[in-house]
Amino acid sequence: MVTTHNLGFPRIGRNRELKFALEKYWKGDISEQALSDTATDLRIQHWQDQSMLDWIPVGDFSLYDHVLDMSFMLGNIPERVSSFSASNPIDNYFRVARGRSAHDAAVHSCVNAGEMTKWFDTNYHYIVPEFNRNTRFALNADHLLEQIQQAQKIHQQIKPVILGPVTYLWLGKSKDGSDKLDRLDDLIGVYVQLLDLLKHAGIHWVQIDEPVLVMELTQEWKYAVRKAYYQLQATPVNLMLTTYFGQLQDNLQLACELPVQGLHLDAVTARDEIDKVIDWLPGHKILSLGIVNGRNIWKTDLTQTLNWLEPVHARLQERLWLAPSCSLLHVPVDLDSEQKLDADIWSWLAFATQKLNEIEVLANALDHGRESVSGILQENSASVSNRKQSKRVHYENTKARVREINEAMGMRQSSYDQRSVVQRKQFRLPLFPTTTIGSFPQTLEIRQKRRDFRAGKLLETDYQKAMRKEIEFCVREQEALGLDVLVHGEPERNDMVEYFGEQLAGFAFTQFGWVQSYGSRCVKPPIIYGDVSHSHVITTEWIQYAQSLTRKPMKGMLTGPVTMLNWSFVRDDQSRAQTCMQLALAIRDEVLALEQVGIKIIQIDEAAMREGLPLRKSQWNDYLDWAIRAFRITANGVKDETQIHTHMCYSEFNDIMAAIARMDADVITIETSRSDMELLDAFNQFRYPNEIGPGVYDIHSPNIPSVDSIIELMEKAAQRIPVARLWVNPDCGLKTRTWEEVKPALHNMIAASRHLARNLSTGQIS
Ligand code: GLN
Ligand code: ZN
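Our subject in this report is the structure included herewith. This structure is a prediction, so every number in the text was calculated from the model and none was measured. (Residues numbered from 1 in each chain as written. Chains lettered and ligands numbered in written order. Predicted model: local features only at pLDDT ≥ 70, side-chain atom pairs only at ≥ 80, totals over all residues. Heavy atoms only, no water.)

**A closer look at the overall build of the chain**
No. 1: If you tally the helices and strands in the chain, you get 27 helices and 21 strands.
No. 2: Its C-alpha radius of gyration of 27 Å places the chain within 12% of the 27 Å reference for a compact globule of 766 residues.
No. 3: The buried share of the chain, reckoned over its 766 residues, is 60%.
No. 4: By sequence separation, contacts in the chain at least 24 residues apart represent 78% of the contacts at least 6 residues apart.
No. 5: When the accessible surface of the chain is split by element, carbon and sulfur atoms take 49% of a total near 30300 Å².
No. 6: Distance from the positive charge centre (83 side chains) to the negative charge centre (97 side chains) of the chain: 4 Å. (Helix = DSSP H or I, 4+ residues; strand = E, 2+ residues; numbered from the N terminus. Rg over C-alpha atoms; globule rule 2.2 N^0.38 Å. Buried < 20%, exposed > 50% of the residue type's maximum accessible area, 1.4 Å probe, protein only. Contact = heavy atoms within 4.5 Å. Areas by Shrake-Rupley, 256 points an atom, 1.4 Å probe, with all protein chains shown as cover. Lys, Arg positive; Asp, Glu negative; His and termini not counted. Charge placed at Lys NZ, Arg CZ, Asp CG, Glu CD.)

This is the structure we're talking about:
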C-alpha cells in the first residue's frame, strides 16, 4: 500500500481566525487562555481536515512563525528579552516576534524585534534565529509534546515536523561575526534529546526539514549535513529527511546516502531527478514524493501524474509515500469557501484541502487501480482539458503581440546622458529634488469610501467626487510642504497589484484566498489564469486631474510587470517569462496612455523585482534577463522628455545592481535609511549611471527623521554618487502612516534637501 502524508497545513484558518485572535490578544482584548483555545480549535479542525491521510503533521502549527518556535524549543532566545524572564514565556515569544507583547504596549517597554526575512523564495517571512559565540541550546519541547498529545486523540499516526539542524543554522544570523557552524555540535546534542523525547511520546516517524539541500552548498555546509545526520543516526525514531522548493543537483548523492529512513523530494520542481534518486537510494529507504504542487492553486492533472507515477510505484512498491511538494502553508485553506468565483475558474483550482484529496485519489489509483477512482479521474480530466481549451484563457491577439515584441521596444530613443539634458531643461528642478514614492496616508475615511463603493452603497459619481477631494487635499499638502515632484496619493488603490489586476483581462480574485505573509499578516494573491491584456486606460483620469491642480510635475504611478507576477498565483501552463511579457505589454499601454495625456514623469514600481530571484545563483541571470527585459518593454517606449522612475523597496541589491542599471530608468528610488546607506557601498564598485533617490525616511517606523539625520545620510550618498544625480525621498509609500507623522517628516526632508543644495555644489563632490 502507498502511504500518504502531509508536510504542513495552513495555520491561519479558513476565516483567518488565528489572525483575529492574535490581534485581539496583542491589544489586550482577550486572555492568553482564549488565544490558546482558538489555536487548539484550529489545530483540531485542521487535523480533521487531513483525516484522509495516513500520517498527519503536528508541530507545523505556530502562533507566529515555525522558525521562531524552533528557536524557543531549542532555548535559543535573544538575550535582550531575558530580563523579562520572570513574566509569561508567551510574552517573550511575541517580544522577539514583533518587539512587544500584549502587556508591554501600555508601558512602552519595547525591545528590538527579531529580524524578519523571506522563507526561501516564498512570500512567507520567518524570524531570523540569532547566534553568537556564547549561544548555548537547551531543550524545551513542552509545546510540541502537548500538541502531540492533542493530535494523538484525533488520529492514529502522528508525524511531528521539525526544522533540521543544518537548515536552522543556515537560516540564522551570527551577531558577532563568529561562525554559525561552530554551534552545530551543541545543537545536535539538543536534537538527540528531542528525538528521544519524541520516541517516548509514542512517535515513530519525524519529518525533519532540510530545504537547504536544494541550495548551492559549500563543502563546509555539505560536511555539516553529513556530520549532523551521522550523529543523529542512533536516534530511536525514523527520520523523514525533507527537502522542497527545488532540485538537489549536486547534493543528490549526499541526500541519498545520509543515514535516515526516508527522503522526501519535491517531485514538482525536481521531477527529472526522481529516477536518479531511485537508482541511488538504498533499498531499505522510503521515498516520499511531493507530487501535488504545494505552492500554486491549480488542480493537479491526475491522469498525467499517474502516467508518470505508476512506473515509479512499480519500482518502489511499499517504499513509496505521497505528499504535496512542500508545506501547504503557501496556499489558501479551502476552495469550498469561494462562492463568488466564476464557475469555470473555480473548477480549475485546488486549495490545501482539495490538494490533500488529490493525494488520496492518487494513492487509491495506485493501490486499487485507476478503475477504483475512475469517476474522479474523469471529472478531473474534464476540468483540466476545459482549462486548457478555454476561450477565457487564450487570446490569440495577446499571444501575437508577445511574439512581435522586438528589442527596439525596450530601448529609449536616446541614451540617459542625452535625454537627461532634455529633461533637466524641461523640469528645471533644484539640486537634490524632493519627491515621495506614491501613496499618502490611507485614512479610515478613504478606506470606508472604497468599501462603500464596492458594496454598491456609494454611487460612482459620489465615489469619484470623494476621491478627487482626497487627491486635491494631497496635492495642496504637497505644495504647502514644497515638494518638487508631486504624486496624486493613490487613495483609489487598495493594493498595488490588486488594483491593476482588477482592470486587466486574465486576472481573478478570491474572497478568502488568504495566505500567511508573516505573523498575523496575510495576503490574498490575485490569480493570473489567462492571457493578460489591457482593454481600457486605468490611471489617466486620476493623474490628469491631479496634474490639473498644480504647475509642478505630477508623477503618474504604475505597478511594474515583474511585481505583478511575483505577487500573484501564476499560470503553470506557460513560463513565468511568457506571462511577464504579457503583463509588460499591458502596463506599457498604460505608460503610453499617461504620456499621451501629457504626464511627463511616470513611476513604475518594481517592489518585488528582487524576490523573484531563483534560489540558486546559477539561475539568476536567466531570471534577470527576462525580468529586466519585461521592465524595459513596459517603460522604454516613451519620448526622451518623459522621465521614467522606478522604485524598489529593499536594501540588498548590491548583487543585482548591474541588472538594475540595465532597466535604464531615469531615476530609481530605493530603501536605504535603515541600513544607514550601507547599501550605497555597492556604488564604490559599480558606477550607477542614472539618477537615484536613496530613501532617507524609514516609513516603517512612526519616528520622525531629523533634518540632521537626513543631511548625514545624503552626505554619505554624495560621497559615492554625483550630486547632480541625487534625489531626496522616503524609503517607500506613506499609506500606512498618519498625516501627523508624514507632515513633519517631509518638512524635515525638504529642509535637508534645501540645505544640501546650498552647501554641496556639484564642483565640491564628484
Ligand atoms: N507606489 C507605491 C506606494 O507608494 C509603492 C509601494 C511599494 O513599493 N511597496 O504605496
Ligand atoms: Zn516600496
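Here the narrative resumes, following the displayed structure.
**Thoughts on the packing of helix α7 (residues 184–200) against helix α8 (residues 219–231)**
No. 1: Following both chains from N to C, one finds α7 and α8 inclined at 35°, their axes separated by 10 Å at the closest point. Crossing hand, α7 versus α8: right-handed. Taking contact as the criterion, the partners of Leu184, Asp185, Ile188 and Val192 in α7 are, on α8, Ala224, Lys227, Ala228 and Gln231.
No. 2: In the contact of α7 with α8, the residues fall into 5 nonpolar, 1 polar and 2 charged. (Axes fitted to C-alpha atoms, helices over the stretch in contact; angles between N-to-C directions. Left-handed = near helix turned anticlockwise from the far one by under 90°. Nonpolar A, V, L, I, M, F, W, Y, C, P; charged D, E, K, R; others polar.)

**Concerning the site of ligand 1**
No. 1: Looking at ligand 1, the residues that line it are Ile437, Gly438, Ser439, Glu490, Met496, Met557, Asp605, Ala607, His647, Cys649, Cys732 and Gly733.
No. 2: Here a nitrogen atom of ligand 1 and a backbone polar atom of Ile437 are 3.1 Å apart.
No. 3: Within the contact set of ligand 1, an oxygen atom lies 2.7 Å away from a side-chain nitrogen or oxygen of Ser439.
No. 4: Taken by itself ligand 1 offers 300 Å² of open surface, and the protein chains cover 91% of this.
No. 5: Its residues placed into classes, the shell around ligand 1 shows 6 nonpolar, 4 polar and 2 charged. (Near = heavy atom within 4 Å. Polar contact = N/O pair within 3.5 Å; in protein donor to acceptor, adjacent residues only side chain to side chain.)

**A word on helix α18 (residues 460–481)**
No. 1: In a regular helix each residue adds 1.5 Å, so 22 residues correspond to 32 Å; α18 covers 31 Å between its end C-alpha atoms and thus fits that length.
No. 2: Along α18, the positions that sit buried rather than exposed are Tyr463, Ala466, Met467, Glu470, Ile471, Cys474, Val475, Glu477, Gln478 and Leu481.
No. 3: Buried positions along α18 lie against α17 (444–454), α20 (540–548) and α27 (739–759).
No. 4: Immediately beyond the C-terminal end of α18, within one or two residues, lies Gly482, with a positive phi of roughly 95°. (Expected span 1.5 Å × (residues − 1).)

**Looking at the nonpolar core**
One broad rule of soluble globular proteins: the nonpolar side chains tend to lie buried together.
No. 1: Counting residues in each nonpolar core, the largest one holds 113 residues, and the members touching the most others are Trp119, Ile162, Tyr229, Leu287 and Leu322.
No. 2: Leave out the neighbours within four places in its chain, and Ile162 touches Met70, Met73, Leu144, Tyr191, Leu194, Leu195, Val206, Gln207, Ile208 and Asp209. (Core = buried A, V, L, I, M, F, W, Y, C linked by side-chain atoms within 4.5 Å.)

**Observations regarding the pairing of strand β17 (residues 555–559)**
No. 1: Burial of β17 is extensive: 5 of the 5 residues sit out of reach of the surface.
No. 2: By the bridge criterion, 5 bridges tie β17 to strand β18 (residues 601–605) in an arrangement that is parallel. Bridge pairing links Met557 to Gln603 in β18. (Pairing = 2+ DSSP bridges.)

**Let's talk about the packing of helix α1 (residues 17–27) against helix α2 (residues 32–49)**
No. 1: Orientation of α1 relative to α2, taken along the N-to-C sense of each, is 170°, at an axis distance of 9 Å. The angle between the axes of α1 and α2 places the two elements in the roughly antiparallel class. On α2, the residues touching Glu17, Leu18, Ala21, Leu22 and Tyr25 of α1 are Glu32, Leu35, Thr38 and Leu42. (Parallel < 35°, antiparallel > 145°, perpendicular 65-115°, else oblique.)

**A word on the pattern of salt bridges**
No. 1: In the structure shown here, the tally under the stated rule is 36 salt bridges.
No. 2: Here Asp589 and Arg401 are joined by a salt bridge, their closest N and O atoms 3.0 Å apart. Pair noted here: Asp589 is in helix α22 (residues 576–596) and Arg401 is in helix α15 (residues 396–403), with a separation of 188 residues, a long-range link.
No. 3: Linking Asp666 and Arg419 is a salt bridge whose minimum nitrogen-to-oxygen distance equals 2.6 Å. (Salt bridge = Lys/Arg side-chain N within 4 Å of Asp/Glu carboxyl O.)

**As for the pairing of β18**
No. 1: The buried count for β18 comes to 5 of 5 residues, which makes it a mostly enclosed element.
No. 2: With burial as the criterion, each face of β18 is covered, one bearing Ile601, Gln603 and Asp605 and the other bearing Ile602 and Ile604.
No. 3: Direction of pairing for β18 relative to strand β19 (residues 643–648): parallel, over a ladder of 5 bridges. Across the sheet, Ile602 pairs through a bridge with Ile644, a residue of β19.
No. 4: With respect to chirality, the unit in which β18 leads through helix α23 (residues 620–635) into the neighbouring parallel β19 is right-handed. (Right-handed = clockwise from strand over helix to strand, strands pointing away.)

**Quick look at the environment of Ile543**
No. 1: Turning to its location among the elements, Ile543 is positioned in helix α20.
No. 2: Sequence separation between Ile543 and Asn654 is 111 residues; the distance between their C-alpha atoms is 33 Å.
No. 3: Residue contacts for Ile543: discarding those within four places in its chain leaves His488, Met554, Lys555, Gly556, Met557, Leu594 and Ile599.

**So, the coordination of the zinc ion (ligand 2)**
No. 1: Listed as protein donors to the zinc ion (ligand 2) are His647 (NE2), Cys649 (SG) and Cys732 (SG); their distances from the metal cover 2.0 to 2.5 Å.
No. 2: Considering all 4 donor atoms around the zinc ion (ligand 2), angles at the metal cover 87 to 123° and the coordination shape is tetrahedral.
No. 3: Spacing between the donor residues of the zinc ion (ligand 2) along the chain follows H-x1-C-x82-C. (Donors = N, O, S within 2.8 Å, 3.2 Å for Na, K, Ca; no water. Tetrahedral: all angles 85-135°; square planar, octahedral: opposite > 155°, others 65-115°.)

**Things to note about the sheet that holds β17**
No. 1: A sheet is described by the order of its strands in space; here 5 strands give the open sequence β17-β18-β19-β20-β21, paired in parallel fashion. The sheet terminates laterally at β17 and β21 (691–694), the two strands that pair on one side only. Each strand axis lies, on average, 20° off the axis of its neighbour in the sheet, ignoring direction.
No. 2: Its contacts with the sheet put α22 on β17, β18 and β19, and the angle it makes with β17 is roughly 170°.

**Notes on unusual backbone geometry**
Excluding glycine, residues mostly have negative phi values, and the peptide bonds linking residues are mostly trans.
No. 1: Despite not being glycine, Arg428 shows a phi value in the positive range, around 45°.
No. 2: Backbone geometry places Asp664, a non-glycine residue, at a positive phi of 65°.
No. 3: Examined against the element boundaries, Asp664 turns out to sit in the loop between α24 (657–662) and β20 (667–670).
No. 4: Under the relative-accessibility criterion, Asp664 is labelled buried at 17%.

**Regarding the sheet that holds strand β6 (residues 158–163)**
No. 1: What the 8 strands build is an open sheet, ordered β1-β12-β11-β10-β9-β8-β6-β2; its pairing is parallel. The sheet is open, and its two edges are formed by β1 (3–4) and β2 (56–58), each paired on a single side.
No. 2: With 3 bridges joining them, β2 and β6 adopt parallel strand pairing. Bridge assignment links Ile56 to a residue of β6, and that residue is Ile158.
No. 3: With respect to the sheet, helix α13 (residues 352–368) is in contact with β1, β11 (286–292) and β12 (320–324), its orientation differing from that of β12 by roughly 160°.

**What about the packing of aromatic side chains?**
No. 1: According to the stated counting rule, one finds 22 aromatic pairs in the structure shown.
No. 2: For the pair Tyr93 and Phe94, a centre-to-centre distance of 5.4 Å together with 70° between the ring planes defines the contact as edge-to-face.
No. 3: Classification of Tyr93 by relative accessible area gives buried; the value is 7%.
No. 4: With 5.9 Å between their ring centres and 50° between their planes, Phe120 and Phe245 make a pair best called tilted. Of this pair, Phe120 sits in the loop between β3 (116–118) and β4 (125–127) while Phe245 sits in the loop between β9 (238–242) and α9 (252–257), and the two are 125 residues apart along the sequence. Phe245 matches Phe120 in its accessibility class, with the two residues each being buried.
No. 5: We note Arg16 situated over the ring of Trp514; from NZ or CZ to the ring centre the distance is 3.7 Å.
No. 6: It is Arg271 that lies over the ring of Trp308; its NZ or CZ is 4.3 Å from the centre. (Phe/Tyr/Trp six-rings, centres within 6.5 Å; stacked < 30°, edge-to-face > 60°. Lys NZ or Arg CZ within 6 Å of the ring centre and 35° of its normal.)

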